[in-house]
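The lines below spell out each chain.
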Amino acid sequence: MAGPAGNGRFPARQTLASRAKGGLAVLGGFLALLFALEVANSLMMGALVRTFGLRPRSADGLLDIFTFPLLHANLNHLLSNSLPLVIFGFLVFLSGLRVFLTALAFSWLGSGLTVWLIGDGVTVGASGLVFGLFSFLLVRGFFNRSWRQILLAVVLFMGYGSILLGALPLVAGYVSWQAHLGGAAGGVVAALLLRPRIPAAVET
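Thoughts on the overall build of the protein chain
(1) Moving on: Helices and strands together make up the secondary structure of the protein chain, namely 8 helices and 0 strands.
(2) Moving on: Ordered by position in the sequence, the α and β elements of the protein chain form the string α-α-α-α-α-α-α-α.
(3) Moving on: Looking at the 204 residues of the protein chain, the share that counts as buried comes to 42%.
(4) Moving on: At a minimum sequence separation of 6, the contacts of the protein chain that also span at least 24 residues come to 76%.
(5) Moving on: Of the roughly 11600 Å² of accessible surface on the protein chain, 71% is carried by carbon and sulfur atoms.

What to know about the packing of helix α4 (residues 75-93) against helix α5 (residues 97-118)
(1) Moving on: Orientation of α4 relative to α5, taken along the N-to-C sense of each, is 135°, at an axis distance of 8 Å. Between α4 and α5, the interaxial angle falls into the category oblique. Residues Gly89, Val92 and Phe93 of α4 form the contact with α5, whose participating residues are Leu97, Val99, Phe100 and Ala103.
(2) Moving on: Grouping the amino acids of the contact of α4 with α5 by side-chain chemistry returns 6 nonpolar, 1 polar and no charged.

As for the confidence of the model for the protein chain
(1) Moving on: Across the protein chain, the average pLDDT comes to 90, with 88% of residues at 70 or higher.
(2) Moving on: In the model, residues 200-204 has pLDDT below 50 throughout and makes 0 contacts with residues more than four positions away in sequence or in other chains.

Quick notes on the pattern of salt bridges
(1) Moving on: A full pass over the atoms with the stated rule returns 1 salt bridge.
(2) Moving on: A salt bridge links aspartate 64 to arginine 55; its shortest N-O distance comes to 2.8 Å.
(3) Moving on: Residue aspartate 64 is classed as buried on the basis of its relative accessible area, which comes to 3%.
(4) Moving on: Looking at arginine 55, the relative accessible area reads 28%, which means it is partly exposed.

Brief notes about the nonpolar core
(1) Moving on: In terms of nonpolar packing, the biggest core is built from 29 residues, with Leu85, Val92 and Phe136 touching the most fellow members.
(2) Moving on: Breaking this core down by element, the ones donating at least two residues are α1 (9-43), α4, α5, α6 (127-144), α7 (147-160) and α8 (177-193).
(3) Moving on: The element contributing the most residues to this core is α6, with 7 residues.
(4) Moving on: Contact partners of valine 92, with chain neighbours within four places excluded, come to Val99, Phe100, Ala103, Leu133, Phe136 and Leu137.
(5) Moving on: One finds Leu54, Phe68, Val115 and Ala179 within the second-largest nonpolar core, a separate group that totals 6 residues.

Observations regarding the packing of aromatic side chains
(1) Moving on: Per the stated rule, a full pass over the model turns up 3 aromatic pairs.
(2) Moving on: Relative to tyrosine 160, the ring of phenylalanine 88 lies with its centre 5.1 Å away and its plane at 80°, an arrangement referred to as edge-to-face. Note that phenylalanine 88 is positioned in helix α4 and tyrosine 160 in helix α7, a separation of 72 residues in sequence.
(3) Moving on: The class of tyrosine 160 is partly exposed, set by a relative accessible area of 28%.
(4) Moving on: Centre to centre, the rings of phenylalanine 93 and phenylalanine 100 are 5.2 Å apart; their planes meet at 55°, and the pair counts as tilted.
(5) Moving on: Relative accessible area serves as the criterion here: at 6%, phenylalanine 93 is assigned to the buried category.
(6) Moving on: Put simply, the rings of Phe88, Phe134 and Tyr160 touch in pairs and so form one group of aromatic residues.

Rules used throughout
- Residues numbered from 1 in each chain as written.
- Predicted model: local features only at pLDDT ≥ 70, side-chain atom pairs only at ≥ 80, totals over all residues.
- Heavy atoms only, no water.
- Helix = DSSP H or I, 4+ residues; strand = E, 2+ residues; numbered from the N terminus.
- Buried < 20%, exposed > 50% of the residue type's maximum accessible area, 1.4 Å probe, protein only.
- Contact = heavy atoms within 4.5 Å.
- Areas by Shrake-Rupley, 256 points an atom, 1.4 Å probe, with all protein chains shown as cover.
- Axes fitted to C-alpha atoms, helices over the stretch in contact; angles between N-to-C directions.
- Parallel < 35°, antiparallel > 145°, perpendicular 65-115°, else oblique.
- Nonpolar A, V, L, I, M, F, W, Y, C, P; charged D, E, K, R; others polar.
- pLDDT = per-residue confidence, 0-100.
- Salt bridge = Lys/Arg side-chain N within 4 Å of Asp/Glu carboxyl O.
- Core = buried A, V, L, I, M, F, W, Y, C linked by side-chain atoms within 4.5 Å.
- Phe/Tyr/Trp six-rings, centres within 6.5 Å; stacked < 30°, edge-to-face > 60°.

In structure tokens form, the structure reads like this:
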């Protein structure tokens with residue numbers, strides 16, 4: 001007896017729907033964590049930022065690489081990062097959890113290491129992750145040779161491309177262009193590593 005499962009497109013739609021639900025759950029949970037930490041930091045008069053913000057070129061600062069994107073200078077700082085983080089993160093998550101975690105990890109590490117090496121002052125904020133996920137979405141279609149992903153990249157660039165100026169050392173001093181640049185570089189590296197492998201030719 002033939003049913004919906006007989007349609008070859010149904011499993012793909014089901015998988016996409018499950019990924020969308022998973023993406024909303026993961027991004028929603030991550031955002032809830034960021035807001036909870038912001039509330040705690042406010043109640044503690046900024047103690048979390050002073051303790052776990054990234055301190056460039058210090059031995060302790062290497063550990064701060066794992067904490068600094070979770071903290072923000074104030075609520076407005078967090079709000080400015082929230083929407084693009086959810087949008088870009090959700091779009092990446094549609095390609096699967098492994099792809100999302102890889103892009104996020106390289107964006108996180110790229111941003112943190114760059115700030116540690118050439119940053120100025122204590123740095124906090126998830127904008128490096130935003131830049132990493134955005135750059136991943138912009139370039140992956142070219143590595144994957146996917147016209148659909150390239151088209152999405154064009155649409156995203158038209159809507160958000162101006163934020164890339166934040167990766168240049170021309171922005172205001174209180175904005176960490178180093179975090180943006182490092183995050184963007186990490187996103188490109190992730191897209192490169194996740195590109196499809198071309199099988200080697202077999203001689204006969």
